[in-house]
Amino acid sequence: MVKRATDVTQFHSVDSVDESHFLIDALERLRALEGGRTARAALIDRLSLSQGDSVIDVGCGFGDEAAEMARRVGPTGRVVGVDLSENMIGEARRRHPASIVQLSWRIADARHLPFEDHSFEAGGAATLLQHLPDPAGVLQEMTRVLRPGGRLAVLEFDHATTFLDSPDPETTRVICETSTTAFVQGWMGRQLPRLFRWAGLQDISVEPMTVLGAFDVAQLILGRHVNWLRDRGTLSSDVVERWWSQLAKADQAGVFTMGTTTFLVTGTKRWR
Ligand SMILES: C[S@@+](CC[C@H](N)C(=O)[O-])C[C@H]1O[C@@H](n2cnc3c(N)ncnc32)[C@H](O)[C@@H]1O
C-alpha cells in the first residue's frame, strides 16, 4: 500500500503526523485566502458578542479568532481557545500576548470538553468538524457547554463542491472526487443545518459562501494527493504532468479558476 504524505486532510492529528510543520504552514496560507478571512470574520459577527460574555472557540488553531472574540467581550469577559494539538496551542500562545487577561488556552478534545454544562454564552468552531469522525457528537458537546439562549456558529467547507477549470475534466473529476473522500467529512458543510437541528439548536441560519483559491493554493491542497494517486497507479505520470502544466498555463494567462463552498451555520440553544 502506498502511504499518503502529510496533507491538508490530516488536521485531526497535527501532533502525530510525519510533518506537523507542513500543517502549520498550510493553515497559515489557507487562512490568508480572502474568502476564508471574510467567512471567519462573519462567524465572529454572528455570535453577537457583548462585553462580559464567556466564549469558547473549539479547534482554535493559531487562536486569531479567539483573540478577536476576547477584544469584543472586553476585560470583564472570558474567552477560552481549545485545541487538541499542543503544537497549535503553542502557536496560539506565541502569537497572542498574555496581556489579554480574558483570553486563555486549553489543550482538550472537542469530544469531551472539560467544562460544566451551561458555561458559555457563545461558541464557535471553524474548519474543525470536517476532520472528525463524529461531528454530530461534537456539536452536541458544544451545545451542552452553552447556556440556554447561547449562540453557536460553525464554519465548514464542503469539499465535494470544489470546482476547478481545466481542459481535462475527467482527470479533474478523479482528483476532486478522491480528494473529497480523503477528508474524514468531505461533505461537512451541507450537513451542518441537519446536525444543528439534531443538537437541539433553533433559529438556525445557513450562509453558503465561496472561497476562491489561486494556483499555488491548488498545489498546496491537491499536490500531495495527486502524487499519491500517481504513486498508487490511479493516474499515470504523463497525465499528472500534463494536468499540472495546463493549470500552470491557465495561471500564467491569468485565467486560473478554482473554489469551494464553505457553510457558515448559526443557531441558538433552547431555553428548555
Ligand atoms: C483546520 S484547523 C482550523 C483551525 C482554526 N479554527 C482556523 O480556522 O484557522 C483544525 C484545528 O482543529 C484541531 N483539532 C483537530 N481535532 C481536534 C479535536 N478532536 N479536538 C479539538 N481540536 C481538534 C486541530 O489541531 C487544528 O488546530
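Residues numbered from 1 in each chain as written. Predicted model: local features only at pLDDT ≥ 70, side-chain atom pairs only at ≥ 80, totals over all residues. Heavy atoms only, no water.

Visitor: Describe helix α4 (residues 86-95), naming the residues involved and giving the relevant values.
Guide: Within α4, burial applies to Met88, Ile89, Glu91 and Ala92. Mapping the buried residues of α4 onto a view down its axis gives an arc of 155 degrees, with all of them on the same face. Those residues of α4 that are exposed and aimed more than 90 degrees away from the buried face are Glu86 and Arg94. Lining the buried residues of α4 we find α1 (20-31), β2 (78-83) and β3 (103-107). Where α4 starts, the residue carrying a side-chain oxygen 3.2 Å from the main-chain nitrogen of Asn87 turns out to be Ser85. (Buried < 20%, exposed > 50% of the residue type's maximum accessible area, 1.4 Å probe, protein only. Helix = DSSP H or I, 4+ residues; strand = E, 2+ residues; numbered from the N terminus. Arc of directions from axis to C-beta. Contact = heavy atoms within 4.5 Å. Polar contact = N/O pair within 3.5 Å; in protein donor to acceptor, adjacent residues only side chain to side chain.)

Visitor: I'd love a proper account of the site of the ligand, names of residues and values included.
Guide: Taken together, 21 residues surround the ligand, and among them Arg31, Arg40, Gly59, Asp83 and Ala110 come closest. Between the ligand and Arg40 there is a distance of 2.8 Å, counted from an oxygen atom to a side-chain nitrogen or oxygen. Taking Ala110, its main chain carries an N or O atom lying 2.8 Å from a nitrogen atom of the ligand. (Near = heavy atom within 4 Å.)

Visitor: Describe in detail the pairing of strand β5 (residues 146-164), supporting the description with residues and values.
Guide: Where strand β4 (residues 120-126) lies against β5, six bridges are found, and the strand directions are parallel. Across the sheet, Gly124 pairs through a bridge with Ala153, a residue of β5. Viewed along the sheet, the connection from β4 through helix α5 (residues 135-144) into β5 turns out right-handed. Where β5 meets strand β7 (residues 258-269), ten bridges bridge the pair, whose relative direction is antiparallel. Among the inter-strand pairings, Leu164 is bridged to a residue of β7, identified as Met258. (Pairing = 2+ DSSP bridges. Right-handed = clockwise from strand over helix to strand, strands pointing away.)

Visitor: Kindly report on the side chain of Asp53, identifying the contributing residues and their values.
Guide: Mapped onto the elements of the fold, Asp53 is located in the loop between α2 (34-46) and β1 (54-58). Despite its burial, Asp53 pairs with no opposite charge, the nearest such side chain being Arg147 at 6.7 Å. Only 2.8 Å separates the side chain of Asp53 from the backbone nitrogen of Ser50, close enough to count as a polar contact. With residues up to four places along the chain from it excluded, the contact list for Asp53 reads Ser48, Val73, Gly77, Arg78 and Glu121. (Lys, Arg positive; Asp, Glu negative; His and termini not counted. Salt bridge = Lys/Arg side-chain N within 4 Å of Asp/Glu carboxyl O.)

Visitor: Quick rundown of the sheet that holds β7? Include the residues and the values.
Guide: Taken in spatial order, the seven strands make up an open sheet running β3-β2-β1-β4-β5-β7-β6, and their pairing is mixed. With one partner strand each, in any of the chains shown, β3 and β6 (201-212) form the two edges of the open sheet. The average undirected angle you get between the axes of adjacent strands in this sheet is 15 degrees. Strands in contact with α4 are β2 and β3; relative to β3, the strand with the most contacts, it is inclined by about 165 degrees. (Axes fitted to C-alpha atoms, helices over the stretch in contact; angles between N-to-C directions.)

Visitor: Give a detailed account of unusual backbone geometry, specifying residues and quantitative values.
Guide: Comment: phi is negative for the bulk of residues other than glycine, and the bulk of peptide bonds are trans. Positive phi outside glycine occurs at Ser48, with the angle close to 45 degrees. In this structure, His118 takes a positive phi of about 60 degrees despite not being glycine. By the element assignment, His118 lies in the loop between β3 and β4. Exposure remark for His118: the relative accessible area of 40% places this residue in the partly exposed category.

Visitor: So what about the packing of α5 against helix α7 (residues 188-198)? Which residues, and what values?
Guide: A pair of packed helices is characterised by two quantities: the angle between their axes and the separation of those axes. At a minimum axis distance of 10 Å, the contact between α5 and α7 shows a crossing angle of 50 degrees. In terms of orientation, α5 lies oblique with respect to α7. For the pair α5 and α7, the sense of crossing is right-handed. Taking contact as the criterion, the partners of Pro135, Ala136, Leu139 and Gln140 in α5 are, on α7, Met188, Leu195, Phe196 and Trp198. Classifying every residue of the contact of α5 with α7 by side-chain character gives seven nonpolar, one polar and no charged. (Parallel < 35°, antiparallel > 145°, perpendicular 65-115°, else oblique. Left-handed = near helix turned anticlockwise from the far one by under 90°. Nonpolar A, V, L, I, M, F, W, Y, C, P; charged D, E, K, R; others polar.)

Visitor: Could you give me a rundown of the packing of α1 against helix α8 (residues 215-231), with the residues and numbers involved?
Guide: Axis separation between α1 and α8 bottoms out at 11 Å; the angle between their running directions is 145 degrees. Between α1 and α8 lies a crossing whose hand is left-handed. Contacts between α1 and α8 involve Phe22, Ala26, Arg29 and Leu30 from the first element and Asp216, Val217, Leu220, Ile221 and Arg224 from the second. Looking at the contact of α1 with α8 residue by residue, the classes come out as six nonpolar, no polar and three charged.

In short, shape yes, function no, at least from these values alone.
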